[in-house]
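For reference, the chains in residue letters:
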Amino acid sequence: MLVSGRRRLLTALLQAQKWPFQPSRDMRLVQFRAPHLVGPHLGLETGNGGGVINLNAFDPTLPKTMTQFLEQGEATLSVARRALAAQLPVLPWSEVTFLAPVTWPDKVVCVGMNYVDHCKEQNVPVPKEPIIFSKFASSIVGPYDEVVLPPQSQVDWEVELAVVIGKKGKHIKATDAMAHVAGFTVAHDVSARDWLTRRNGKQWLLGKTFDTFCPLGPALVTKDSVADPHNLKICCRVNGEVVQSSNTNQMVFKTEDLIAWVSQFVTFYPGDVILTGTPPGVGVFRKPPVFLKGDEVQCEIEELGVIINKVV
Ligand SMILES: O=C([O-])CC(=O)C(=O)O
């Protein structure tokens, strides 16, 4: 929940629309709360930094969570399409609390070393097959929530394109994979480097999954609203300074290959999230290394939008 001073600041920032990348104006599904509504609701964001159309008010039979919404497939998506075409009241941004577009998925699958330059900056070979790890669902927070530092840790930033699964599947062929995708969102794969490289037998899990280490959002932008998910500018700013700047066309394994690879091992369910890896420019490989403390991190992807998380 945002305190009101920070909410005012964020509102001003977002409404000034100083972001270099224009968000898609098409279907931007969100989960949100508002003071006059009981519990989380589903909505349509009217452009990043714009207000929200309450989908549950438009059709009270719609589910109130994204996972249930996605489980119903085309039936619920066509309601959202009708809502988008209608002239509906918009709740102002400042009156809405945005949650992550997906909360409590069955799994968050993550990919390591998936940008050639990120491999180069740490002198490791480009992987021949995807390197997979995960975060627990409890690490997910909203697009403007705070990231809480564990004591005495070396915490780094990592902007990533996240894929949200829309349809259950196992042994999915790469050629069929896009039929299993609901859409895309922005992720911050917050990473405690000391835990990744020195603690827990060097297993990545704990360093990647502290509570609050997976900000997502602001919206699930449906796949038909994104021109080409593998040609989007992607960038991370720390206190306004660009620290990562790349394009998703630099990914080693694209969405289709990742879904085909991972679904050999596990069943994908609607709502599952795949973090597709980070481009170069992380703090740990700077000279000297830089870690987060009290900073504001902005992760932005063209057409998808920007998430802004203060590290406390
Ligand atoms: O650098 C890491 O910690 C591995 C990783 O998550 C990535 O490459 O995206």
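A brief look at the structure comes next. Small disclaimer: the values here were computed from a predicted structure and weren't measured.

Reading guide: rules and limits
- Residues numbered from 1 in each chain as written.
- Predicted model: local features only at pLDDT ≥ 70, side-chain atom pairs only at ≥ 80, totals over all residues.
- Heavy atoms only, no water.
- Helix = DSSP H or I, 4+ residues; strand = E, 2+ residues; numbered from the N terminus.
- Rg over C-alpha atoms; globule rule 2.2 N^0.38 Å.
- Buried < 20%, exposed > 50% of the residue type's maximum accessible area, 1.4 Å probe, protein only.
- Contact = heavy atoms within 4.5 Å.
- Areas by Shrake-Rupley, 256 points an atom, 1.4 Å probe, with all protein chains shown as cover.
- Lys, Arg positive; Asp, Glu negative; His and termini not counted.
- Charge placed at Lys NZ, Arg CZ, Asp CG, Glu CD.
- Pairing = 2+ DSSP bridges.
- Axes fitted to C-alpha atoms, helices over the stretch in contact; angles between N-to-C directions.
- Salt bridge = Lys/Arg side-chain N within 4 Å of Asp/Glu carboxyl O.
- Near = heavy atom within 4 Å.
- Polar contact = N/O pair within 3.5 Å; in protein donor to acceptor, adjacent residues only side chain to side chain.
- Phe/Tyr/Trp six-rings, centres within 6.5 Å; stacked < 30°, edge-to-face > 60°.
- Lys NZ or Arg CZ within 6 Å of the ring centre and 35° of its normal.

### What about the overall build of the protein?
Part 1 of the reasoning: Counting secondary structure elements, the protein contains eight helices and 17 strands.
Part 2 of the reasoning: Radius of gyration (C-alpha) of the protein: 18 Å, near the 20 Å computed for a compact globule of 312 residues.
Part 3 of the reasoning: Within the protein, buried positions represent 57% of all 312 residues.
Part 4 of the reasoning: In the protein, the share of contacts with a sequence separation of at least 24, taken over all contacts with a separation of at least 6, comes to 76%.
Part 5 of the reasoning: Carbon and sulfur atoms provide 55% of the accessible area of the protein, an area that totals close to 13,200 Å².
Part 6 of the reasoning: Placing the 31 positive and 30 negative side-chain charges of the protein at their respective mean positions leaves the two points 3 Å apart.

### Quick word on helix 8 (residues 255-262)
Part 1 of the reasoning: Taken together, the buried positions of helix 8 are T255, L258, I259, A260 and V262.
Part 2 of the reasoning: Along its buried surface, helix 8 packs onto strand 5 (108-112), strand 6 (131-135), strand 9 (159-165), strand 10 (181-188) and strand 15 (273-275).

### Thoughts on the sheet that holds strand 16 (residues 296-301)
Part 1 of the reasoning: Within the open sheet, the four strands sit side by side as 14-13-16-17. Their pairing is antiparallel. In the strand order of this sheet, the two ends are held by strand 14 (241-247) and strand 17 (305-310), each with one partner. Along the sheet, successive strands turn relative to each other by an average axial angle of 10°, direction set aside.

### Description of the side chain of D189
Part 1 of the reasoning: With respect to the helices and strands, the residue D189 is situated in the loop between strand 10 and strand 11 (191-192).
Part 2 of the reasoning: By relative accessible area, D189 is classed as buried at 0%.
Part 3 of the reasoning: Not counting residues within four places of it along the chain, the set of residues in contact with D189 comprises F133, K135, E158, E160, K208, F213 and L275.

### Quick notes on the pattern of salt bridges
Part 1 of the reasoning: Per the stated rule, a full pass over the model turns up 10 salt bridges.
Part 2 of the reasoning: Of the charged contacts, one joins K107 and D106 as a salt bridge, the two residues approaching to 2.8 Å between their closest N and O atoms.
Part 3 of the reasoning: For E158, the salt bridge is made with K208, and the minimal N-O distance between the two is 3.4 Å. Taken as a pair, E158 in the loop between strand 8 (155-156) and strand 9 and K208 in helix 7 (residues 205-208) lie far apart in primary sequence, 50 residues in all. Accessibility assignment for this pair places E158 and K208 in one class, buried.

### A look at the site of the ligand
Part 1 of the reasoning: Inspection of the region around the ligand gives 14 residues, with M113, H118, E158, R193 and K208 positioned closest.
Part 2 of the reasoning: Between the ligand and the protein, one listed contact pairs an oxygen atom with a side-chain N or O atom of E160 at 3.2 Å.
Part 3 of the reasoning: At 3.1 Å from an oxygen atom of the ligand is found a side-chain nitrogen or oxygen belonging to D189.
Part 4 of the reasoning: Burial of the ligand by the surrounding chains reaches 98%, relative to a free accessible area of 270 Å².
Part 5 of the reasoning: At the level of elements, strand 5 and helix 6 (193-197) are the ones that each hand at least two residues to the shell around the ligand.

### Quick word on the environment of L292
Part 1 of the reasoning: If you trace the backbone, L292 turns up in the loop between strand 15 and strand 16.
Part 2 of the reasoning: Judged by relative accessible area, which is 4%, L292 ranks as buried.
Part 3 of the reasoning: Residues contacting L292, with those up to four places away along its chain left out, are L149, V155, D156, W157, V238, V297 and V311.

### A closer look at the environment of L44
Part 1 of the reasoning: Here L44 shows up in strand 2 (residues 41-45).
Part 2 of the reasoning: Given the relative accessible area of 0%, L44 is considered buried.
Part 3 of the reasoning: Between the alpha carbons of L44 and A83 there is a distance of 8.5 Å; along the sequence they are 39 residues apart.
Part 4 of the reasoning: If we skip the residues at most four places from it in the chain, L44 touches M27, R28, L29, V30, G51, V52, I53, L55, A80, A83 and L84.

### Description of the packing of aromatic side chains
Part 1 of the reasoning: Inspection of the entire model under this criterion finds seven aromatic pairs.
Part 2 of the reasoning: Plain terms: the ring middles of F98 and Y144 are 5.8 Å apart, the flat faces sit at 85° to each other, and that makes the pair edge-to-face. Note that F98 is positioned in strand 4 (residues 97-98) and Y144 in the loop between strand 7 (140-141) and strand 8, a separation of 46 residues in sequence. Here the two residues F98 and Y144 agree in accessibility, since each one is buried.
Part 3 of the reasoning: Relative to W204, the ring of F133 has its centre 5.0 Å away and its plane inclined at 85°; by these criteria the two rings are edge-to-face. Here W204 lies in the loop between helix 6 and helix 7 and F133 lies in strand 6, a separation of 71 residues in the sequence.
Part 4 of the reasoning: The structure contains a cluster of three or more aromatic residues connected by ring pairs, namely W93, F98 and Y144.
Part 5 of the reasoning: Looking at R199, its charged tip hangs above the ring of W195, at a distance of 4.0 Å from the centre.

Fair warning: the whole summary comes from geometry, so function is off the table for now.
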